[in-house]
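# Structural overview for review
What follows is each chain in one-letter form.
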Amino acid sequence: MCGIVGYIGSRSVVEILTSGLRKLEYRGYDSSGIAVHSGKEIKVYKAEGKLQNLDDLMQKHVSETASSTLGIGHIRWATHGAPTTVNAHPHTCNCGKLVIVHNGIIENYKELRADLEKRGCKFRSQTDTETVAHLVAYHYGKLQNLTEAVRQATKEIDGAYALCIMHQDNPNVLVATKRNAPLLVGIGEGEYFVASDVPAIIEYTKKAMYLNDNEIVTLTRENMDLIDIDNNKISSKIEMLPWEPVALSKMGFKHFMLKEIHEQPDVIRNVLSGKLFNTDEPINLSEVNLTKADLKKLNRIQIIACGTSLHAAMVGKYLIEEFCGIPVDVEASSEYIYRKTVTDEKTLVIGVSQSGETADTITAIKQSKERGSHILIITNRPDSTMARFADSLIPVNAGIEVSVAATKSYVAQLISFYLLAIYMGEVKESISQVFSKNLKKELVILPQKIEQILAHKEIIQRCAKHYSRYKDFIYIARGINLATSLEGALKLKEISYINATGYAAGELKHGPIAMLDETMPVLAILMKGSVYEKILSNAEESKARNANLIALTDSDDPKLDDLFDFIIRIPEVSEVLSPIISVIPLQLMAYYIAEFLGKDVDQPRNLAKSVTVE
Ligand code: M6R
């Protein structure tokens, strides 16, 4: 994972690098570092822990760095080697003249390291990246040309990388290259920026060039040269980024997560706008580049995603099968890519990803594209790597999500699946007009129902306070809300580090029920509809084993008060739409438990917002 930035120009570089890294914190936050060129020498500064530690360190070195206008920076999510200062980037060669920052994984680093050690290189870190520093320095020693040294080195490297490199003897040169990791160059007047992602540079320039795999760019203050790994000159493909600088603010909320939970009613309105104009009219999904005939011919759909996006995919499967009668498989991208899958040109493959940069999903999408499938991408980042593989692209328009725990992007993905499933059902004429009209009517008023939940969040806060002392939780649900139970449990795990597992309620008696006693709360997602009575029975079974029972329900049946120890009541909604609102109290529950426990809600330990390594 990790984020990288680089700058060459005439402005003071430290501010540009540190503010760029701040925007890339979603890619990791366990250590960070920068290297600056003074014109005469290169100095490296690194700090373990949050980016604030690097900011504090740089404050102490203002006088020695203020005039530097060339530098590189890195924010790390550790893969090889613990998150220590010595393993933090930038990494240097033995003479300290060549510095490098890297995002990705060098798969053959052990072999390369053994060779380099034989040639006399002394390694200081446990990282794969340090290998590249020594390797480029080795070639530089022979060639005395930084671009050429980088080109030769990348020919020997296997794996994924975005690299930004500078050398003390080249005070007017910055070199960058990539393979299977994102990297773009921002173009200013007499200045260039390098970054893993747009937010790091957008406040300085909108003019940019995305690097393709195996391209190497050489930047001076005056010029940009682009070649490929075989030394062919390439003309640059400059584009204007469709982005505005966004001042990321918590808007008075204590954490980004709480703010993002509260944004969900407006996110839903936003996703619906332009697609659902009038409940009497068909859904307008012009983003789907499949003709009616193509859609009618489809006999199989595969949805590929990870984490929270995988849970949205599960709801998507339910909807598409229910509304369109097309068989749908849902699979974690990391599983899909290492087996023989039955995917061909008759399969529609849907990739779901908030970031559009999740490495496993990108690989899965590439594989299915090679097999001839139509690729439909549902993402919050229409400018992402994944979006570039799309034959059809549905942007979910949730806005920038800062908190590592996905909330509003999940709800936006769900709404996108509802729109897609209704759209396909209308095209295939597999749902009636009355059914789709009623569904649309209800979709439109969902934001108000969520606002009602948010307006009474103190009930969930009370529940969270009471249950924050428990160490294990079970969430049960059936049918369309099974995904909700998994998502609720994932939210709790990732931000409070409490063990929580979502189960299909009917499966409880096939094993998990053995764990139940008074130390294990069971939260039942008990929405009215086809499986209500069944879940109620499963809750009874749990009570009989002394479990402490919580209900999340849209039922006002007073009998529930006798069975459950705590009830979270939410507005009534038809069963098919219930996942959109039943997840909201679970997001709040996870948030408040983590907050009571004093956890780092927006940046939980060991995680990163975007998982860009396999
Ligand atoms: O960007 P993506 O949607 O592809 O990310 C997938 C998962 O890494 C992500 O959903 C992760 O599980 C979140 N931390 C969940 O809150």
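Scroll up to find the structure this text is about.
Now for a quick tour of the structure. In every chain, residue numbers begin from 1 and rise along the written sequence. Local features are withheld for residues below a pLDDT of 70 in this predicted model, meaning they are given only at 70 or higher, and side-chain atom pairs are given and counted only at 80 or more; totals for whole chains, interfaces and linings count all residues. The basis for every side-chain value is the complete set of non-hydrogen atoms in the structure, without hydrogens or water.

## Examining helix α14 (residues 433–455)
The condition is simple: Only DSSP runs of H or I reaching four residues or more are called helices, and only runs of E reaching two or more are called strands; each is numbered from the N terminus. To estimate the expected span of a helix, count its residues, drop one, and scale the result by 1.5 Å. For the exposure calls, accessible area comes from a 1.4 Å probe over protein chains only, and a residue counts as buried if that area is under 20% of its type's maximum, exposed if over 50%, partly exposed in between. Only heavy atoms enter the contact rule, under which two residues are in contact if any of them lie within 4.5 Å.
Taking 1.5 Å per residue, 23 residues should reach 33 Å; α14 reaches 34 Å between its end C-alpha atoms and fits that length. Among all positions in α14, only S436, L439, K440, E442, L443, L446, P447, K449, I450, I453 and L454 are buried. Taken together, the buried residues of α14 touch α7 (256–262), α8 (264–272), α10 (307–324), α13 (408–428), α15 (457–467) and α19 (578–596).

## Side note on the sheet that holds strand β21 (residues 499–504)
Note the following rule: For two strands to pair, DSSP has to find at least two bridges joining them. Here, axes are lines fitted to C-alpha atoms. For helices the fit covers the stretch in contact, and angles between N-to-C directions go from 0 to 180 degrees.
A sheet is described by the order of its strands in space; here five strands give the open sequence β21-β20-β22-β23-β24, paired in parallel fashion. The sheet is open, and its two borders are formed by β21 and β24 (566–569), each paired with just one other strand. Across the sheet, the axes of successive neighbouring strands diverge by a mean angle of 20 degrees, strand direction being ignored. As judged from the five bridges shared by strand β22 (residues 522–526) and strand β23 (residues 549–553), these two strands associate in the parallel manner. Residue pairing for β23: I525 is matched across the bridge by L552. Each of β20 (472–477), β21 and β22 is contacted by helix α16 (residues 482–496), which is oriented at about 175 degrees to β21, the strand it contacts most.

## Here's the deal with the site of the ligand
Keep this limit in mind: It suffices for a single heavy atom of a residue to lie within 4 Å of a molecule or strand for the residue to be listed as near it. Working definition of accessibility: Shrake-Rupley area with a 1.4 Å probe, residue cover restricted to the visible protein chains. Asp, Glu, Lys and Arg are counted as charged, while Ala, Val, Leu, Ile, Met, Phe, Trp, Tyr, Cys and Pro are counted as nonpolar; the rest, among them Gly, fall into the polar class.
Neighbouring the ligand are 14 residues; S309, S353, S355, T358 and E494 lie closest to it. Protein contacts shield 91% of the accessible area of the ligand, which totals 410 Å² for the unbound molecule. At the level of secondary structure, the elements contributing two or more residues to the shell around the ligand comprise α10 and α16. Sort the elements by how many residues they give to the shell around the ligand and α10 lands first, with three residues. Each residue belonging to the shell around the ligand can be placed in one class, and the counts come to five nonpolar, seven polar and two charged.

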